[in-house]
Amino acid sequence: MNKALTYLTIGVLATLLVLIRVFEQQLFYDPFLAFFQNDYLYIDSPRREVFKLTAFTSLRFLLNTVLSLGILFAIFKDVSVLKFSLLIYGAAYLILILLFLYFVINPKQEDYYLFFNTRRFLIQPLILLLLIPAFFYHKKNTAH
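These figures come from a predicted structure and were not determined experimentally. (Residues numbered from 1 in each chain as written. Predicted model: local features only at pLDDT ≥ 70, side-chain atom pairs only at ≥ 80, totals over all residues. Heavy atoms only, no water.)

### Remarks on the environment of leucine 128
Consideration 1: Secondary-structure assignment places leucine 128 in helix α7 (residues 126-142).
Consideration 2: Residues leucine 128 and phenylalanine 51, 77 residues apart in the sequence, show an inter-C-alpha distance of 26 Å.
Consideration 3: Sequence-distant contacts of leucine 128, that is, excluding residues within four places in its chain, are made with Leu17, Ser68, Ile71, Leu72 and Tyr89. (Helix = DSSP H or I, 4+ residues; strand = E, 2+ residues; numbered from the N terminus. Contact = heavy atoms within 4.5 Å.)

Below is the structure:
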């Protein structure tokens, strides 16, 4: 890929990530969107449908993952980076979704902050923001 096509690809994929965020209320069932915008540390957990919430949260994680993997591949053009990232995303999903389910099924006010951050890793492309500098660092250190 030439540089212009690489930048265009990264731009399109990043724009799609932004659009997922901008249209999150229209695209996904998530009663916690409004809940966490308020003073959530002092109010009760909203009513929710656990299966529907888990399905939409998983869908959002999957969409973010696919777009993030595309960005990583466009930046590094290395299948081993893609494979390793897929392992990271898979392990993160398993751990985070189990924590997410625990917090959804057992809502306690003292756990809201931890739940907020667990949920954030599931619904936002934060793993991508961790992997990009990690791969650049690895690439720099293995080039010598």
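### Things to note about helix α5 (residues 79-105)
Consideration 1: Given a rise of 1.5 Å per residue, 27 residues ought to cover 39 Å, and the 38 Å separating the end C-alpha atoms of α5 matches this to within 8%.
Consideration 2: Looking at the packing, one finds that the buried side of α5 touches α3 (32-37), α4 (50-76), α6 (112-123) and α7. (Expected span 1.5 Å × (residues − 1).)

### With respect to the layout of surface pockets
Consideration 1: Taken as a whole, the largest pocket holds about 170 Å³ of empty space.
Consideration 2: Forming the boundary of the largest pocket are Arg21, Glu24, Phe32, Leu33, Phe36, Gln37, Phe116, Arg119, Arg120, Ile123 and Gln124.
Consideration 3: Going through the elements one at a time, α3 and α6 are the ones with two or more residues in the lining of the largest pocket.
Consideration 4: Partitioning the lining of the largest pocket into residue classes produces five nonpolar, two polar and four charged. (1 Å grid on protein atoms, 1.4 Å probe; cavity = no way out; pocket = protein on both sides within 12 Å on 5 of 7 lines; lining within 4 Å. Points joined across faces, edges and corners; volume = space filled by probe spheres on them. Nonpolar A, V, L, I, M, F, W, Y, C, P; charged D, E, K, R; others polar.)

### Overview of the nonpolar core
Consideration 1: One finds Phe32, Leu72, Tyr89, Phe100, Phe115, Leu122 and Leu128 to be the most contacted residues of the largest nonpolar core, which totals 32 residues.
Consideration 2: Looking at this core, the elements that each hand over two or more residues are α1 (3-22), α3, α4, α5, α6 and α7.
Consideration 3: Per element, the largest residue contribution to this core is eight residues, and it comes from α5.
Consideration 4: Apart from residues no more than four positions distant in its own chain, leucine 122 is found in contact with Thr57, Phe61, Asn64, Tyr93, Leu96, Ile97 and Phe100. (Core = buried A, V, L, I, M, F, W, Y, C linked by side-chain atoms within 4.5 Å. Buried < 20%, exposed > 50% of the residue type's maximum accessible area, 1.4 Å probe, protein only.)

### Remarks on the packing of aromatic side chains
Consideration 1: Scanning all chains against the criterion turns up eleven aromatic pairs.
Consideration 2: Between the aromatic rings of phenylalanine 61 and tyrosine 93, the centroid separation amounts to 5.3 Å while the plane-to-plane angle is 40°, which identifies the pairing as tilted. With phenylalanine 61 in helix α4 and tyrosine 93 in helix α5, this pair connects stretches of sequence that are 32 residues apart.
Consideration 3: The interplanar angle of 65° and the centroid separation of 5.4 Å between the aromatic rings of tyrosine 102 and phenylalanine 103 together place this pair among those described as edge-to-face.
Consideration 4: Members of the aromatic cluster, each reached through a chain of ring pairs, are Phe32, Phe35, Phe100, Tyr102, Phe103, Tyr112 and Phe115. (Phe/Tyr/Trp six-rings, centres within 6.5 Å; stacked < 30°, edge-to-face > 60°.)

### Let's talk about the packing of α5 against α6
Relative orientation and spacing of two packed helices are given, respectively, by the angle between their axes and the distance between those axes.
Consideration 1: Running from amino to carboxyl end, α5 crosses α6 at an angle of 140°, the nearest separation of the two axes being 9 Å. Between α5 and α6, the crossing angle belongs to the class labelled oblique. The two elements α5 and α6 cross, and the hand of that crossing is left-handed. Of the residues in α6, those touching α5 at Tyr93, Leu96, Ile97, Leu99, Phe100, Phe103 and Val104 are Leu114, Phe115, Thr118, Arg119, Phe121 and Leu122.
Consideration 2: Its residues assigned to classes, the contact of α5 with α6 comprises eleven nonpolar, one polar and one charged. (Axes fitted to C-alpha atoms, helices over the stretch in contact; angles between N-to-C directions. Parallel < 35°, antiparallel > 145°, perpendicular 65-115°, else oblique. Left-handed = near helix turned anticlockwise from the far one by under 90°.)

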